[in-house]
Amino acid sequence: MKHFIIVLLLLLWCLTGIKAQTNYQGRVLGAFRDKPSPLYMAALHTSDKVYVAYTDSNGLFTLQLPLDYRYLICTYPGFKSDTLWLVSASNLEVTLKEITALTGVTITEKTDESYISHIQTLKTEVITTAGLKKNACCNLAESFESNPTIDGSSADAVTGQRQIQMLGLSGIYVQMLTEMIPDLRGLNIITGLSAMPGPFIKNIYIRKGPGSVANSFEGITGQIDVELIKPSEADTFMVNLYANSQQRLEANTYFRNRFRRWNMLTMLHGSSAQLQMDFNKDSFLDNPVYRVFTGIHRWQHMSRHGKETHIGIKYHYDDAQSFNTLKHIHHLPDSLVFQKYLFQTRYNRAEVFAKTCLELFHKENNELGLQMNLVNHNQQTFIGTRIYDAEEQTLYLNSNFQLLPLNDKLIYRFGGGLMYSRYKQQIDQIDLSRTDVIPGLFTELTYEDCDKISIIAGLRTDYYNNNRRIYPAPRIHIRYKVGEEAFIRASAGIGWRVANIIQENVNYLISSRTIRISGTLQPEHALNFGINYTQNIRLRERELQLSFDAYRTQFFNQIVVDIDQSYLDLWFYNLSGKSFANSVQTQIQFEPVRNLTLMAAAKWNQVRVTYHGELLQRPFTPQWRGMFNAAYALLKSKLKIDATLQWVGPQRIGANIRYDGVPYKQFAPAYIRILAHVTYVFKRMECYVGSENLSAFTQSNPIINPFEPFSPGFDAAMIWGPIMGRIVYSGIRISF
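Definitions and limits used
Think of each chain on its own: its residues are numbered from 1, step by step along the sequence as written. Whole-chain, interface and lining totals are the exception, using all residues; otherwise, since this is a predicted model, local features are given only for residues with pLDDT of at least 70 and side-chain atom pairs are given and counted only at 80 or more. With hydrogens and water set aside, each side-chain value is computed from the structure's full complement of heavy atoms. For the purposes of this entry, the term helix denotes a DSSP run of H or I that reaches at least four residues, the term strand denotes a run of E that reaches at least two, and both are numbered from the N terminus. The classification of residues rests on relative accessible area computed with a 1.4 Å probe and restricted to protein chains. Under 20% of the type maximum is buried, over 50% is exposed, and intermediate values are partly exposed. We call two residues in contact whenever any of their non-hydrogen atoms come within 4.5 Å of each other. Note that patches include only residues with greater than 30% relative accessible area and no salt bridge, and the join distances are 9 Å for like charges and 5 Å for nonpolar side chains (Val, Leu, Ile, Met, Phe, Trp, Tyr). Here the Shrake-Rupley method, with its probe set to 1.4 Å, supplies the accessible areas, and only the displayed protein chains count as covering residues. What counts as a salt bridge is simple: a side-chain nitrogen of Lys or Arg found within 4 Å of a carboxyl oxygen of Asp or Glu. Any pair of N or O atoms that falls within 3.5 Å is considered a polar contact. Within protein, one atom must be able to donate a hydrogen and the other to accept it, and sequence-neighbouring residues count only if both atoms are side-chain atoms. Any Phe, Tyr or Trp ring, taking Trp's six-membered ring, that has another such ring centre within 6.5 Å forms a pair; planes under 30 degrees apart are called stacked, those over 60 apart edge-to-face, and the others tilted. Take the buried Ala, Val, Leu, Ile, Met, Phe, Trp, Tyr and Cys residues and link them wherever side-chain atoms come within 4.5 Å; each set so joined is a nonpolar core. Values of pLDDT, ranging from 0 to 100, describe the predictor's confidence in every residue of the model. The rule for pairing is simple: two strands pair if DSSP sees at least two bridges between them. Only the stretch in contact is used when fitting a helix axis, every axis being a line fitted to C-alpha atoms; angles between N-to-C directions are given from 0 to 180 degrees.

Asker: Outline the overall build of the protein chain, listing residues and values.
Answerer: For the protein chain, the count of helices and strands is four helices and 48 strands. A burial count over the protein chain gives 57% of its 736 residues as buried. Considering only contacts within the protein chain whose residues lie at least 6 apart along the sequence, 64% involve residues at least 24 apart.

Asker: Can you tell me about a nonpolar patch on the surface, naming the residues and giving the values?
Answerer: On the surface, Trp624, Phe628, Leu645, Trp647 and Ile672 cluster together into a nonpolar patch covering about 450 Å² of accessible area. Of all elements in the fold, only strand S40 (624-634) and strand S41 (639-648) reach the threshold of two or more residues within the nonpolar patch. Here Phe628 shows up in strand S40.

Asker: Describe the side chain of Asp715, and please don't skip the residues or the numbers.
Answerer: Its place among the elements puts Asp715 in the loop between strand S47 (685-692) and strand S48 (727-735). At 3.2 Å, the side chain of Asp715 and the side chain of Arg513 are in polar contact. Apart from residues lying up to four places away in sequence, Asp715 is in contact with Ile510, Ser511, Arg513, Pro702, Ile703 and Ile704.

Asker: I'd like to hear about the packing of aromatic side chains, residue by residue, with values.
Answerer: Under the defined criterion, the tally for this structure stands at 19 aromatic pairs. On the basis of an interplanar angle of 45° and a centroid distance of 6.5 Å, the ring pair of Phe293 and Tyr315 is categorised as tilted. Here Phe293 is found in strand S21 (residues 289-302), whereas its partner Tyr315 is found in strand S22 (residues 308-323), with 22 residues between them in sequence. The partly exposed category is assigned to Phe293, whose relative accessible area is 36%. Overall, the relative accessible area of 32% leaves Tyr315 in the partly exposed class. Seen in terms of ring centroids, Phe401 and Phe414 are 5.0 Å apart; in terms of plane orientation they differ by 10°. Their pairing is stacked. Of this pair, Phe401 sits in strand S25 (residues 386-403) while Phe414 sits in strand S26 (residues 410-427), placing them 13 residues apart in sequence. Accessibility expressed as a relative area gives 26% for Phe401, which makes it partly exposed. For Phe414, a relative accessible area of 31% gives the class partly exposed. In textbook terms, an aromatic cluster arises when at least three aromatic residues are bridged by ring pairs, as seen for Phe217, Tyr464, Tyr471 and Trp496.

Asker: Lay out the side chain of Asn373 with the relevant residues and their values.
Answerer: Tracing the backbone through its elements, the reader meets Asn373 in strand S24 (residues 367-383). Other than its neighbours up to four places away in sequence, Asn373 contacts Ile181, Pro182, Glu351, Val352, Phe353, Thr394, Leu395 and Tyr396.

Asker: Go over the pattern of salt bridges with me, naming the residues and quoting the values.
Answerer: This model, assessed by the stated rule, comprises 35 salt bridges. Measuring nitrogen to oxygen at the nearest pair gives 2.4 Å for the salt bridge that ties Lys134 to Asp642. Of the two residues, Lys134 is situated in the loop between helix H2 (129-132) and strand S11 (151-154) and Asp642 in strand S41; the sequence distance between them amounts to 508 residues. Residues Lys134 and Asp642 agree in their burial class; the two are buried. Put simply, Asp715 and Arg513 hold a salt bridge, and the shortest N to O gap is 3.2 Å. Pair noted here: Asp715 is in the loop between S47 and S48 and Arg513 is in the loop between helix H4 (506-509) and strand S32 (514-518), with a separation of 202 residues, a long-range link.

Asker: Which residues make up the environment of Leu645, and what values do they have?
Answerer: Among the secondary structure elements, Leu645 is positioned in strand S41. Distance in space between the C-alpha atoms of Leu645 and Ile674 is 4.6 Å, their sequence separation being 29 residues. If we ignore the near neighbours within four places in the chain, the residues touching Leu645 are Gly626, Met627, Phe628, Ile672, Arg673 and Ile674.

Asker: Go over the nonpolar core, please, and point to the residues and values.
Answerer: Ile510 and Met718 are the most contacted members of the largest nonpolar core, which totals 34 residues. When residues of this core are assigned to their parent elements, the largest contribution, three residues, is made by H4. Within the second largest apolar cluster, 30 residues are counted, among which are Leu132, Ala141, Met176 and Ile296.

Asker: Can you lay out the confidence of the model for the protein chain for me, pointing to particular residues and giving the numbers?
Answerer: In this model, the protein chain carries an average pLDDT of 87, and 89% of its residues clear a pLDDT of 70 or more. Within the model, pLDDT remains below 50 along residues 1-20, and this stretch shows 20 contacts once partners closer than five positions in the same chain are excluded. This model gives residues 100-110 a pLDDT under 50, and the stretch forms nine contacts once residues within four places in sequence are excluded.

Asker: Outline the sheet that holds strand S16 (residues 201-208), supporting the account with residue identities and numerical values.
Answerer: On the basis of which strands lie adjacent, the open sheet formed by six strands has the order S9-S10-S16-S17-S14-S15 and mixed pairing. If you trace the sheet from one side to the other, it starts and ends with strand S9 (114-116) and strand S15 (181-182), each paired once. Relative to strand S10 (residues 124-127), S9 runs antiparallel, the two being bridged by three bridges. Within the sheet, the bridge partner assigned to Tyr115 lies in S10 and is Val126.

Asker: I'd love a proper account of the sheet that holds strand S7 (residues 82-85), names of residues and values included.
Answerer: Overall, antiparallel pairing links the four strands, which are arranged S4-S3-S6-S7 in an open sheet. Among the strands making up the open sheet, the edge pair consists of strand S4 (52-54) and S7. Across the sheet, the mean angle separating the axes of adjacent strands is 30° when strand polarity is ignored. Two strands pair when backbone bridges link them, and strand S3 (residues 43-45) and S4 are joined in this way by three bridges, in the antiparallel orientation.

Quick look at the structure:
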């Protein structure tokens, strides 16, 4: 901590060397079918790309420049770039034209599939629409296949739910937002990843480390903010159809309409998989059969002053089941009698959300932001002889005041919020029902100087009713420009969360383990801090991007999920000892020749938890990971080819596991997974084909004692690698 304070003081001392400069403010619009609307995250940069700014949700930007600059270049995916002349310090405005509206013009500018924002104080990785199209990306859980920051995995061999990891820890420690509103949490924290259709996503913003205090108390290792397609920017009609070799079928569509100053967008998703597969001949289906429906309807209002109001409703229905069957097995092993085992989950989830922004004191950038989210979730799950009933009703309210008290470099924010959640949960005659009432207040000060340094310092305090304790959460973020397109970022902060132990560990329940809870479980509470370095280097007119991260998460308290004490028990208890995660990642991206982009990344995770008095490596967390991606565009970017290689290092499985009465291996070997994707772009249509797990590597014997599902030792949660073999898919996108 002493060294961190010294570095902070040195960075603040550097402020004395700032050049004379002017603060420019303006707005970027897009001519959507000849009707101007604000563009969110439009990029503005100087000709040498030393100074960069991005627009907010109202299309507004602020950029401080030395006096010798005369114009900015404005770009936005799908629009023709334009020049914005700096004729004044304020009220600048430029309207970009859609590429599809141009005739007789050939556009050769390459749209970034993903990039690291230089202007953001927090390290922000952006996966754009083009990046999401590098893979099938049927849902949010499948949208990180070519991103080295987020690690994906399959939860178990029965439910088929995919989970993610960040900084070596489970995705439950990542704050999941939808357009800055906390969304995937509570009973939806695992299943919600698969419930968000990929074709409805415009951008994904990934931030490592604790986020802003304005976005609630959660988010220990980072944030993932999903930006959906907005009604004002959407095509009039879109349809996306997908099918794969395992008879998984998906259909996505949306259509847009308008009423006075309101833009409306209706999005519908349906998915089904009914093929019963058992390629490893263990009697259990390799993937569940399911039916899924998602519907989203949202309204967007634009005031005469450029302020937006968003209102929407979401509904999700999911019915999935998996079971054992003798359909693919000629006979059982000797002396065994077939025992039917069923896993089935069915849930309905409805949400209403709203957010608006009001101008204060008739001054630009002095604003009041209001957010609301209302959730009702009903779920029933059958796991063998177990029944897990769960309900959730959640109300989230947040107010955010933003003021510019002294000058344009200082932004002061303060506000408060309420997270009210009512849970009913029962399993094995264990009642886990509770009501969480968590009011909180926050204050945050931002100093932003694009030429040198930006600092965000905030403090949040929340009161938790169930243990009558106040949780302070200080957080600080620093961005310092050390050279031309070279930046150092540092962050530190505290976050906490309340766990739902059954919903977050359903995969471990598909076993013969008995649930055991020791003591009264307390909220999980941790400190995260780290540093990041990013740089862009010009090599023969080509851009080389370098990134290096180092983060540590230190838990004050953690709900330890212990599968090591006994293969017959699943223990939950508060941390007694140490628990930490160190994560180091390096990444390089380069375009050696035109239209060919290469990316390589390596990651080292050291995750240790104290289990029954012994500090051990966390199960199912590889210490080493690697990724290589190659993307190539041909025929004026009409034909796009993308390939990804993922290397997953050895990982600990767990101690005291038995298979046929003998000890099960404690470490899983390394393996390689390869993906390929090809897209051909027509004027209004895109056709794509691809394959996942091209090498067809699968884990052998994924289920322990599969032919005796009700006997001691049955376990379907010891999953460390792919269950499914090679998958081939194809699809089509049409929009107009």
